[in-house]
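Residues per chain, in single letters:
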Amino acid sequence: MAKVFTGTGRRKSSVAQVKMTAGSGKITVNGRDVNEFMPYETYVMDLKQPLVATNNENKFDIEVKVSGGGASGQTGAIRLGITRALLEYDQANEGNEDSYRKILKRAGFVTRDSRAKERKKPGLKAARRAPQFSKR
């Protein structure tokens with residue numbers, strides 16, 4: 001049986017569980033092809049960035065389960081999950097100059113984007129949006 005590398009990614013309120021196996025570069029999200037699942041081509045390009053940076057576009061088949069949030073948050077979660085799976089795959093080369101960690105860290109894919117929606121405050125219409133001011 002082929003070795004499976006896993007990674008969990010989170011972004012906003014989305015969570016993605018990524019399973020990566022040796023293959024031909026097929027990406028499946030929630031049982032559907034990634035191009036069919038994602039509404040825009042830019043999202044597909046965005047989630048493939050870690051694979052492109054490490055020259056692995058056609059080396060792995062990736063299966064993703066993603067839930068919560070919208071398309072943008074899910075894309076970010078999948079990208080982080082793929083990055084973590086690649087790091088698990090490349091653990092042996094950790095200290096080398098050409099290790100995936102150095103490449104992915106330099107590109108900014110290893111860090112989780114912690115930005116999330118700010119909570120609504122009492123007396124306001126949204127987190128910071130105040131009700132319209134009326135002089136009279």
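(A) The arrangement of the packing of helix H3 (residues 71-89) against helix H4 (residues 100-107) in detail. Packing of H3 against H4 brings their axes to within 9 Å, and their N-to-C directions diverge by 155 degrees. Classified by the angle their axes make, H3 and H4 are roughly antiparallel. Taken together, the residues of H4 that come into contact with H3 (itself represented by Thr83, Leu86, Leu87 and Tyr89) are Tyr100, Arg101 and Leu104. Split by residue class, the contact of H3 with H4 holds five nonpolar, one polar and one charged.

(B) Focus on the side chain of Thr28. Among the structural elements, Thr28 can be located in strand S3 (residues 27-29). If we skip the residues at most four places from it in the chain, Thr28 touches Ile62, Glu63 and Val64.

(C) Broad picture of the nonpolar core. One finds Val29, Ile62, Val64, Ile78, Ile82 and Leu86 to be the most contacted residues of the largest nonpolar core, which totals 26 residues. Elements supplying a minimum of two residues to this core: strand S2 (14-22), S3, helix H1 (34-37), helix H2 (41-53), strand S5 (60-67), H3 and H4. Here this core gets six residues from one element, more than from any other, and that element is H3. If we skip the residues at most four places from it in the chain, Leu86 touches Met20, Pro50, Leu51, Thr54, Asn56, Phe60, Tyr100 and Leu104.

(D) Spotlight on the packing of aromatic side chains. All chains considered together, the criterion is met by four aromatic pairs. Ring geometry for Phe5 and Tyr89: centres 5.2 Å apart, planes at 85 degrees, overall edge-to-face. In this pair, Phe5 sits in strand S1 (residues 5-11) while Tyr89 sits in helix H3, placing the two residues 84 residues apart along the sequence. Taken together, a centroid distance of 4.9 Å and an interplanar angle of 80 degrees make the contact between Phe60 and Tyr89 edge-to-face. Linking Phe60 in strand S5 with Tyr89 in helix H3, this pair joins segments that are 29 residues apart in sequence. Members of the aromatic cluster, connected to one another through ring pairs, are Phe5, Phe60, Tyr89 and Tyr100.

(E) Looking closely at the environment of Ser99. The residue Ser99 is located in the loop between H3 and H4 in this model. Taking the C-alpha atoms as reference points, Ser99 and Thr54, separated by 45 residues in sequence, lie 9.1 Å from one another.

(F) Representation of the sheet that holds S1. Reading across from one edge, S1-S2-S5-S3-S4 is the order of the five strands in this open sheet, with mixed pairing throughout. Both outer strands of the open sheet, S1 and strand S4 (32-33), are each paired with one neighbouring strand and no more. Bridge count between S2 and S5: eight bridges; the pairing is antiparallel. Note on S5: the bridge partner recorded for Lys19 is Glu63. Lying on the sheet, H3 is in contact with S1, S2, S3 and S5; it crosses S1 at an angle near 150 degrees.

(G) Expanded view of the side chain of Gln74. Tracing the backbone shows Gln74 in helix H3. Filtering out sequence-adjacent residues up to four positions away, Gln74 remains in contact with Ser14, Phe37, Val66, Ser67, Gly68 and Gly69.

Rules used throughout
- Residues numbered from 1 in each chain as written.
- Predicted model: local features only at pLDDT ≥ 70, side-chain atom pairs only at ≥ 80, totals over all residues.
- Heavy atoms only, no water.
- Axes fitted to C-alpha atoms, helices over the stretch in contact; angles between N-to-C directions.
- Helix = DSSP H or I, 4+ residues; strand = E, 2+ residues; numbered from the N terminus.
- Parallel < 35°, antiparallel > 145°, perpendicular 65-115°, else oblique.
- Contact = heavy atoms within 4.5 Å.
- Nonpolar A, V, L, I, M, F, W, Y, C, P; charged D, E, K, R; others polar.
- Core = buried A, V, L, I, M, F, W, Y, C linked by side-chain atoms within 4.5 Å.
- Buried < 20%, exposed > 50% of the residue type's maximum accessible area, 1.4 Å probe, protein only.
- Phe/Tyr/Trp six-rings, centres within 6.5 Å; stacked < 30°, edge-to-face > 60°.
- Pairing = 2+ DSSP bridges.

This is a description of form; function is not addressed.
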